[in-house]
Amino acid sequence: MKKRDIHDHYDFFEYVRAGDSAPAPDRDRLDIAILDMNHSWPNLGHDGIVHAILDTAETFRSALVDSAVKVRAISYDVRRSGLMPPPPDGQFKIYLATGGPGHLDPRQNDGIAWWSQGVRETPSWESPLFRLFDSILTHPKAALIAICHSFGLMCRWSGVAQPVLRETKSSGIPTNALSEAATQHPWFSRFANELSDHRHYRVIDNRLFDLILDDACGADCLAFESENSAAVTMLEFARDAEGNMPRVIGMNHHPEVIDLQHVLSVLEEKRSHHEVTEMWYRERADTFIDLLKGENERQSRLTSEYTLLGPLRHHVAMLVGERCGEVWRPASAGQAG
């Protein structure tokens, strides 16, 4: 797929950053909400998610153009502005929530404690966010994919797991382990079948907290840091109506960092738009050039396919199908590539 810039004009896609207010619903737009939890920290993750939506929308370009409709990704700066997308059953049915810096409890982010990573905030956005999670969970067609920091927030919202500060930061590309339940899952069993031992997979990691499972877990535990660990790394809170694909899911890794080509494209784009310094760009480019080589890169693509890209394609297919008058199920939707 040729290089794309999320800020360019397309006949099938549009990216909007919500300011003091967000765009109103539009008959010619299929809106997807991005919950940006980065607190304005320079990062790869947010734009990596926008690119994932752009690439997914391109899969359905013919149907979208024929119907004179665009997929529109609208990003909300939740932690700084408090602006929140409305609940589903109106403008939105698909929500993606990013990673971000600081403690998973905003009350702990005083800008001084080392775990706050310089973030100073109030918890005023937390209750509205948790209400939004409630509404997505109870809506039979709404989907939410929560990444890293947002996964931790979902654990706090649900009470399924509690954040525990790690002795050392987890970073790089460590291994996680699928649960027994995941190997029997309609979607993740396919992931397991692609793994050499049907259980262990590599993830792009960058986090300060483990999420320690509560004894009375009310969600399907799909993965852990290791077989004998209580640190849960992927949870499914709800499945689609057909019972095959995750509808509300979170993971404690970064599937939006797909492979070296995607990383360098996002980095070069951010540099060309003067969003980051040359030093920030060069440090991350050098890091990922060293990290995403050979088997590491292949496994990163595989993990991204099953934990982000496949579920996203599935739910966008449903969204496009509803608007185009038929259920669009191209060969790539719901299939690993």
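Residues numbered from 1 in each chain as written. Predicted model: local features only at pLDDT ≥ 70, side-chain atom pairs only at ≥ 80, totals over all residues. Heavy atoms only, no water.

## Comments concerning the overall build of the chain
The number of helices and strands found in the chain is 10 helices and 12 strands. A globule of 337 residues ought to have a C-alpha radius of gyration of about 20 Å, and the chain, at 19 Å, matches this closely. Expressed as lengths along the three principal axes of its C-alpha atoms, the size of the chain is roughly 55 × 45 × 40 Å. Burial analysis of the chain (337 residues in total) assigns 57% to the buried set. Across the chain, contacts joining residues at least 24 apart in sequence account for 73% of those joining residues at least 6 apart. Approximately 14,100 Å² of the chain is accessible, and the part contributed by carbon and sulfur atoms is 48%. Averaging the coordinates of the 35 positive side-chain charges in the chain and doing the same for the 48 negative ones gives two points 2 Å apart. (Helix = DSSP H or I, 4+ residues; strand = E, 2+ residues; numbered from the N terminus. Rg over C-alpha atoms; globule rule 2.2 N^0.38 Å. Buried < 20%, exposed > 50% of the residue type's maximum accessible area, 1.4 Å probe, protein only. Contact = heavy atoms within 4.5 Å. Areas by Shrake-Rupley, 256 points an atom, 1.4 Å probe, with all protein chains shown as cover. Lys, Arg positive; Asp, Glu negative; His and termini not counted. Charge placed at Lys NZ, Arg CZ, Asp CG, Glu CD.)

## Digging into the layout of surface pockets
One number sums up the size of the largest pocket: a volume of about 780 Å³. Considering the residues around the largest pocket, the lining is formed by 36 residues, among which Lys 169, Asp 205, Asn 206, Arg 207 and His 254 are closest to the centre. Secondary structure elements with two or more residues in the lining of the largest pocket: helix H1 (45–59), strand E6 (161–172), strand E9 (205–213) and helix H9 (278–291). When the residues that make up the lining of the largest pocket are grouped by side-chain class, the tally is 14 nonpolar, 16 polar and 6 charged. (1 Å grid on protein atoms, 1.4 Å probe; cavity = no way out; pocket = protein on both sides within 12 Å on 5 of 7 lines; lining within 4 Å. Points joined across faces, edges and corners; volume = space filled by probe spheres on them. Nonpolar A, V, L, I, M, F, W, Y, C, P; charged D, E, K, R; others polar.)

## So, the side chain of Glu 297
Among the structural elements, Glu 297 can be located in helix H10 (residues 294–324). What makes Glu 297 buried here is its relative accessible area of 17%. Filtering out sequence-adjacent residues up to four positions away, Glu 297 remains in contact with Ile 258, Asp 259, Leu 260, Gln 261 and Leu 292.

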